[in-house]
Amino acid sequence: MKGFCFLLGDYGGQMEIKQGYAYHIKDEYFTTAKDEHLMKNKEDGNYRPTMYCIKDNKYDIYWMIPISSQYDKYADIKNQLLQKGKKCNGIVLGEFDGKKAAFLIQNMFPVTLKYIDHIHTKNGNPVPVNKKLQGIIKKNTKSLIAISERGVKVTFTDIIRLRNKLI
C-alpha cells in the first residue's frame, strides 16, 4: 500500500493522484456496492461525508475513510473501549479543515478511481491532512485490512467482499 490521494486533474482520461487530501464519492458507488453498512453519501443536498483516501497499489484501488465532525461522540466511544482494555484502531482523532475530526477507519471501504467525484476544498483550495495524522491513519488502515484478510470482522462493511467485487 502506497501513498494517499489528491486528484489534480484529468489528463486525457487519467487522473493524477497525490497524497494527503480528502474527497467525495459519486452516488453511483453506493448503488453498485449494495452494502447497508456504508455511511450514506449525501445529507440535505450536501456532499457528506468527506473521505480521506489511501491508495492501495496492490489492487489498484483506494481505501476511503469517512471523516466525521462528531469528534466528541467518537472520542467517547474510543475512550470507553480503551477503558475496557480494548484496542481502538478503528477511530483516529485529530483535526481536519481547522476543526476537530474523527477519522473512521472502522467505516472504510474500497473504491476505484471512477467512483471519486471531487476533492474536498475550502475557498477553492484542497484541504490537506496533517502529515503526522496521515501516518497514524495509514498504519491503522493497513492493520485493519490485514486483520480483515484473515477473516476477522473489524469494520462495519465487508471490505474484502467489496474489494473483490472491484478487482
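Note that the coordinates shown come from a computational prediction; the quantities given were computed from them, not determined experimentally. (Residues numbered from 1 in each chain as written. Predicted model: local features only at pLDDT ≥ 70, side-chain atom pairs only at ≥ 80, totals over all residues. Heavy atoms only, no water.)

**Student:** Give me the overall build of the chain: which residues, what numbers.
**Tutor:** The helix and strand inventory of the chain stands at four helices and 13 strands. When contacts within the chain are restricted to residue pairs at least 6 apart in sequence, long-range pairs at least 24 apart make up 66% of them. Accessible surface for the chain amounts to roughly 9,200 Å². Of this, 48% is attributable to carbon and sulfur atoms. (Helix = DSSP H or I, 4+ residues; strand = E, 2+ residues; numbered from the N terminus. Contact = heavy atoms within 4.5 Å. Areas by Shrake-Rupley, 256 points an atom, 1.4 Å probe, with all protein chains shown as cover.)

**Student:** Give me the lowdown on the pairing of strand S3 (residues 22-25), citing residues and values where you can.
**Tutor:** Alternating positions in S3 separate into two faces, Ala22 and His24 on one and Tyr23 and Ile25 on the other, with burial throughout. Relative to strand S6 (residues 50-56), S3 is paired through two bridges, and the arrangement is antiparallel. Within S6, the position partnered with Ala22 by the bridge is Tyr52. One ladder, built from three bridges, connects S3 with strand S11 (residues 116-119); its direction is antiparallel. Residue pairing in the sheet places Ile25 in a bridge with Ile116 of S11. (Buried < 20%, exposed > 50% of the residue type's maximum accessible area, 1.4 Å probe, protein only. Pairing = 2+ DSSP bridges.)

**Student:** Tell me about the nonpolar core, and name the residues and values.
**Tutor:** If you look at the biggest cluster of nonpolar residues, it comprises 21 residues, and the most contacted ones within it are Tyr52, Ile65, Phe96, Phe103, Met108 and Ile137. Counting only elements with at least two residues in this core, the list comes to S6, strand S7 (61-68), strand S8 (91-96), strand S9 (99-104), helix H3 (131-149) and helix H4 (159-166). Core analysis: the second largest hydrophobic core is formed by 16 residues, Tyr29, Met51, Cys53 and Met64 among them. (Core = buried A, V, L, I, M, F, W, Y, C linked by side-chain atoms within 4.5 Å.)

**Student:** So, the pattern of salt bridges: which residues are in play, and what are the values?
**Tutor:** Two side chains with opposite charge may pair up if their charged atoms get near one another. Counted by the stated rule, this structure contains four salt bridges. Between Arg161 and Asp35 there is a salt bridge whose closest N-O contact spans 3.4 Å. Highlighted residues: Arg161 in helix H4 and Asp35 in the loop between helix H1 (27-33) and strand S4 (42-43), separated in sequence by 126 residues. (Salt bridge = Lys/Arg side-chain N within 4 Å of Asp/Glu carboxyl O.)

**Student:** Hey, could you go over the packing of H3 against H4 for me, with residue numbers and the actual values?
**Tutor:** Close contact between H3 and H4 brings their axes to 9 Å; oriented N to C, the two are set at 90°. Taken together, the axes of H3 and H4 are roughly perpendicular relative to one another. Here H3 contributes Ile145, Ser148 and Glu149 to the contact with H4, which in turn contributes Ile159, Ile160 and Arg163. The class makeup of the residues in the contact of H3 with H4 is three nonpolar, one polar and two charged. (Axes fitted to C-alpha atoms, helices over the stretch in contact; angles between N-to-C directions. Parallel < 35°, antiparallel > 145°, perpendicular 65-115°, else oblique. Nonpolar A, V, L, I, M, F, W, Y, C, P; charged D, E, K, R; others polar.)

**Student:** Give a description of the environment of His24 that names residues and reports values.
**Tutor:** Take His24: it is sitting in strand S3. Remark: the alpha-carbon pair of His24 and Pro66, spanning 42 residues in sequence, is separated by 9.5 Å.

**Student:** Before we move on, can you summarise the packing of aromatic side chains with the specific residues and values?
**Tutor:** Taken as a whole, this structure holds five aromatic pairs when the rule is applied. Relative to Phe109, the ring of Tyr29 has its centre 5.2 Å away and its plane inclined at 25°; by these criteria the two rings are stacked. Here Phe109 lies in strand S10 (residues 109-111) and Tyr29 lies in helix H1, a separation of 80 residues in the sequence. Taking relative accessible area as the criterion, Tyr29 reaches 2% and is therefore assigned buried. Taking relative accessible area as the criterion, Phe109 reaches 1% and is therefore assigned buried. Taken together through their ring pairs, the aromatic side chains of Tyr29, Phe30, Phe109 and Tyr115 make up a single cluster. Cation over ring: Arg163 sits above Tyr59, and NZ or CZ is 4.2 Å from the ring centre. (Phe/Tyr/Trp six-rings, centres within 6.5 Å; stacked < 30°, edge-to-face > 60°. Lys NZ or Arg CZ within 6 Å of the ring centre and 35° of its normal.)

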